[in-house]
Amino acid sequence: MDKTEKIVFDTDEGKVEFYIIADTRIQGKNYLLVTDSEDEDGEFLVLRDDSKAEDSYADYSFVEDDAELDGVIKVFDEILDDIDLEV
């Protein structure tokens, strides 16, 4: 897997980088599957773009709702047939 594309968050503790594995759009919402490491053993997270307008900057938040997370992960599992996503 080539994880060269990154997304960077500015936090109170400094910059945090995530490597983008895949993206998808479900029911009008954009989602990113990211990992915290270039290693294959890194943890994955699902981010949802909560921005309101098409021309604004993306406003990503972590998907924490179990039902939403399960649904999005199923879609990513279908897209990424060579990766096994374990929740």
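Because the structure is a prediction, the values reported are computed rather than measured. (Residues numbered from 1 in each chain as written. Predicted model: local features only at pLDDT ≥ 70, side-chain atom pairs only at ≥ 80, totals over all residues. Heavy atoms only, no water.)

Caption draft 1: Spatial organisation of the pairing of strand 4 (residues 44–49). Pairing between strand 3 (residues 29–35) and strand 4: 5 bridges, direction antiparallel. Looking across to strand 4, one finds that V34 is bridged to L45. Taken together, the 3 bridges between strand 4 and strand 5 (residues 60–62) define a ladder with antiparallel strand orientation. Each residue of the ladder has a partner; that of D49, found in strand 5, is Y60. (Pairing = 2+ DSSP bridges. Helix = DSSP H or I, 4+ residues; strand = E, 2+ residues; numbered from the N terminus.)

Caption draft 2: Looking closely at unusual backbone geometry. Phi angles above zero are rare outside glycine, and Q27 is one such case at about 50 degrees. By secondary structure assignment, the location of Q27 is in the loop between strand 2 (14–26) and strand 3. The exposure class of Q27 is exposed, given its relative accessible area of 82%. (Buried < 20%, exposed > 50% of the residue type's maximum accessible area, 1.4 Å probe, protein only.)

Caption draft 3: Examining the side chain of D49 more closely. Of note, D49 is situated in strand 4. Summary of buried charges: D49 has no salt-bridge partner, and the nearest side chain of opposite charge, R25, is 6.8 Å away. Engagement of the side chain of D49 in a polar contact is seen with the side chain of S51, the distance being 2.8 Å. Among the polar contacts listed, one links the side chain of D49 to the backbone nitrogen of D59, at a separation of 3.1 Å. Excluding anything up to four places from it in sequence, D49 contacts K29, N30, A58, D59 and Y60. (Lys, Arg positive; Asp, Glu negative; His and termini not counted. Salt bridge = Lys/Arg side-chain N within 4 Å of Asp/Glu carboxyl O. Polar contact = N/O pair within 3.5 Å; in protein donor to acceptor, adjacent residues only side chain to side chain. Contact = heavy atoms within 4.5 Å.)

Caption draft 4: Representation of a negative patch on the surface within the structure. Together, E38, D39, E40 and D41 make up a negatively charged patch on the protein surface. Looking at the secondary structure, you find E40 in the loop between strand 3 and strand 4. (Patch = residues over 30% accessible without salt bridge, like charges linked within 9 Å, V, L, I, M, F, W, Y side chains within 5 Å. Areas by Shrake-Rupley, 256 points an atom, 1.4 Å probe, with all protein chains shown as cover. Charge placed at Lys NZ, Arg CZ, Asp CG, Glu CD.)

Keep in mind these numbers describe shape, not what the thing actually does.
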